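What follows is each chain in one-letter form.
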Amino acid sequence: AGNSFVTQNYSYLDTKATAGLAYYRLLQTDFDGSTQYVGTVVLSRKTATLGFTSIQPIPSSDIVTIAFETPTTQKVSLILHDISGRIVLEKTIDATQGISATQIDISDFATGIYTLSMSDSNSIVVEKIVKENPEATVESIIKLALKNL
């Protein structure tokens, strides 16, 4: 932050940090290019439970990217149900401890709302996915929604 006579605070979010302890050495670089280690920070992260961290894009017409967190390296099951409860996709993933990601292709599915469930040996989490018709207009979507009321 240049020359300063007041304390400057900085932050950094390590989105790939896994459960347990992580050590970070802080390196200061001056304007003249010289460097100096100025300390160590310890991050203690508790073991997480199974959970989605992001599902993108929603709505989608084709590929959906699913990021999730697991407390240990394990197999995780993804099941996608249509609005009637019928299973339209099943996928097993060898997830690593921490953040993992996968993609599903919903391009061949009908337009509508789907339920995505993810489970491991201890828990199940559920989210909704919306499949849109790429040619759909706002008017046609509103008409369809009103028709289904």
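Preceding this paragraph is the structure being described.
The numbering scheme is per chain: residues are counted from 1 as the chain's sequence reads. The predicted nature of this model means local features are confined to residues of pLDDT at least 70 and side-chain atom pairs, given and counted, to a pLDDT of 80 or more, with totals for whole chains, interfaces and linings taken over all residues. Just so you know, side-chain values use all the structure's heavy atoms and leave hydrogens and water out.

## Structural notes on the overall build of the chain
Here comes step 1: Secondary structure summary: the chain contains one helix and nine strands in total.
Here comes step 2: Overall, the chain shows an N-to-C arrangement of helices and strands of β-β-β-β-β-β-β-β-β-α.
Here comes step 3: Each residue gets one of three labels from its accessible area relative to the maximum for its type: buried under 20%, exposed over 50%, partly exposed in between, using a 1.4 Å probe on protein chains only. Considering the chain as a whole, with its 149 residues, one finds that 25% of them fall into the buried category.
Here comes step 4: A total of about 10700 Å² of accessible surface is found on the chain, and carbon and sulfur atoms cover 54% of it. The way it works is that DSSP assigns letters per residue, a run of H or I at least four long becomes a helix, a run of E at least two long becomes a strand, and they are numbered from the N terminus. Surface accessibility follows the Shrake-Rupley procedure with a 1.4 Å probe radius. Residue values consider only the protein chains on display as shielding.

## Digging into a nonpolar patch on the surface
Here comes step 1: Surface patches are defined over residues having more than 30% relative accessible area and no salt bridge, joining like charges when they lie within 9 Å and nonpolar side chains (Val, Leu, Ile, Met, Phe, Trp, Tyr) when within 5 Å. What makes a salt bridge here is a side-chain nitrogen of Lys or Arg within 4 Å of a carboxyl oxygen of Asp or Glu, nothing more. Together, Ile58, Ile83, Ile113 and Val130 give the surface a local cluster of nonpolar side chains, amounting to about 360 Å² of exposed area.
Here comes step 2: Here Ile58 shows up in the loop between strand E3 (51-56) and strand E4 (63-70).
Here comes step 3: We classify Ile58 as partly exposed; its relative accessible area is 38%.

## Here's the deal with the pairing of E4
In summary, the side chains of a regular strand alternate between the two faces of the sheet.
Here comes step 1: Within E4, six of the eight residues are buried, leaving the element largely enclosed by the surrounding structure.
Here comes step 2: Here five bridges tie E3 to E4, and the two strands are oriented antiparallel to one another. Bridge pairing links Ser54 to Ala67 in E4.
Here comes step 3: Strand direction decides the pairing type here: E4 and strand E7 (residues 98-105), joined by eight bridges, are antiparallel. Counted as the bridge partner of Phe68 is Ser100 from E7. Here, strands pair whenever DSSP counts at least two bridges between them.

## Observations regarding the packing of aromatic side chains
Here comes step 1: Centres within 6.5 Å make a pair out of two Phe, Tyr or Trp rings, where for Trp the six-membered ring is used; the pair is then stacked when the planes are under 30 degrees apart, edge-to-face when over 60, and tilted otherwise. Per the stated rule, a full pass over the model turns up one aromatic pair.
Here comes step 2: Geometrically, the ring pair formed by Phe109 and Tyr114 is tilted, given 5.8 Å between the ring centres and 35° between the ring planes. Each of the two residues, Phe109 as well as Tyr114, counts as buried.
Here comes step 3: Above the face of the Tyr37 ring, Arg25 is positioned so that its terminal group lies 3.6 Å from the ring centre. Here, a charge over a ring is recorded when the distance from Lys NZ or Arg CZ to the ring centre is within 6 Å and its angle to the ring normal is within 35 degrees.

Nothing here speaks to function; it is all geometry.
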